[in-house]
Amino acid sequence: MIIKEKAESLTMAYIHSYNLAMKEIRNSDFANQIAANIVFVIAKTESKTEQPMFNPFEMVLKNVMENIKTQKEEENSKEKEV
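I will try to describe carefully the structure that is included in this document. The structure presented is a predicted model; accordingly, all values stated were derived computationally and were not measured. Here the residue index of a chain counts from 1 through its sequence in written order. In view of the model being predicted, local features appear only for residues whose pLDDT reaches at least 70, and side-chain atom pairs are presented and counted only at 80 or more, with totals across whole chains, interfaces and linings using the full set of residues. Think of the side-chain values as coming from all heavy atoms in the structure, minus any hydrogens and water.

### Notes on the overall build of the protein
- A count of helical and extended segments in the protein gives three helices and zero strands.
- In the protein, the order of α-helices and β-strands from amino to carboxyl end is α-α-α.
- When a residue's accessible area, from a 1.4 Å probe over protein chains only, is under 20% of the maximum for its type it is buried; when over 50% it is exposed; and in between it is partly exposed. With 82 residues in all, the protein has 9% of them scored as buried. Secondary structure elements follow DSSP: runs of H or I of four or more residues count as helices, runs of E of two or more count as strands, with numbering from the N terminus.

Set out below in structure tokens:
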């Protein structure tokens, strides 16, 4: 369902881009290239907003912070024992 909607919206974006390019430059090959690039950029931009990127640095930093917290808790529990 979502793929069908995306395909329809990208098709309409291509048609509008192609028609606009044809009005301006009157060259079908160049208008085709322009429209295809517009659709590519739109699709790429939409995919970036839908799926968050995995950041390995963020994961490493999170693990380091958790380790520091665990070490501090262990130190505090040892101090209470003594």
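### Describing a nonpolar patch on the surface
- Among the surface-exposed residues, Phe57, Val60, Leu61, Val64, Met65 and Ile68 lie close enough to one another that they form a single nonpolar patch of about 570 Å² accessible area.
- Tracing the backbone shows valine 64 in helix α3 (residues 56-81).
- The class for valine 64 is partly exposed, based on a relative accessible area of 40%. Patch membership requires over 30% relative accessible area and the absence of a salt bridge. Like charges are linked within 9 Å, and nonpolar side chains (Val, Leu, Ile, Met, Phe, Trp, Tyr) within 5 Å. Surface accessibility follows the Shrake-Rupley procedure with a 1.4 Å probe radius. Residue values consider only the protein chains on display as shielding. Salt-bridge detection follows one rule: a side-chain nitrogen of Lys or Arg within 4 Å of a carboxyl oxygen of Asp or Glu.

### Some words on a negative patch on the surface
- Counted as positive: Lys and Arg. Counted as negative: Asp and Glu. His and the chain ends are not counted at all. Working definition for charges: the position is that of NZ of Lys, CZ of Arg, CG of Asp or CD of Glu. On the surface, a cluster of negative charge is contributed by Glu73, Glu74, Glu75 and Glu79.
- Within the secondary structure, glutamate 73 is located in helix α3.
- The partly exposed category is assigned to glutamate 73, whose relative accessible area is 46%.

### Description of helix α1 (residues 2-25)
- What a helix is expected to span follows from its residue count: subtract one and scale by 1.5 Å. Taking 1.5 Å per residue, 24 residues should reach 34 Å; α1 reaches 34 Å between its end C-alpha atoms and fits that length.
- Here α1 has its buried residues at Leu10, Ala13, Ser17 and Ala21.
- Positive phi appears at arginine 26, one or two residues downstream of α1, with a value of about 55°.

### Topic: the packing of aromatic side chains
- For this analysis, a ring pair means two rings from Phe, Tyr or Trp (six-membered ring only for Trp) whose centres lie within 6.5 Å, classed as stacked if their planes differ by under 30 degrees, edge-to-face if by over 60, and tilted for the remaining angles. Under the defined criterion, the tally for this structure stands at one aromatic pair.
- For the ring pair tyrosine 14 and tyrosine 18, a centre distance of 6.1 Å and an interplane angle of 15° mean the geometry is stacked. Highlighted residues: tyrosine 14 and tyrosine 18, both in helix α1, separated by four residues, approximately one helical turn.
- With a relative accessible area of 28%, tyrosine 14 lands in the partly exposed category.
- Judged by relative accessible area, which is 24%, tyrosine 18 ranks as partly exposed.

### Remarks on the environment of tyrosine 14
- A C-alpha to C-alpha distance of 6.5 Å links tyrosine 14 and alanine 36, two positions 22 residues apart in sequence.
- Contact criterion: two residues are considered in contact whenever any of their non-hydrogen atoms come within 4.5 Å of each other. Other than its neighbours up to four places away in sequence, tyrosine 14 contacts Asn32, Ala35, Ala36 and Val39.

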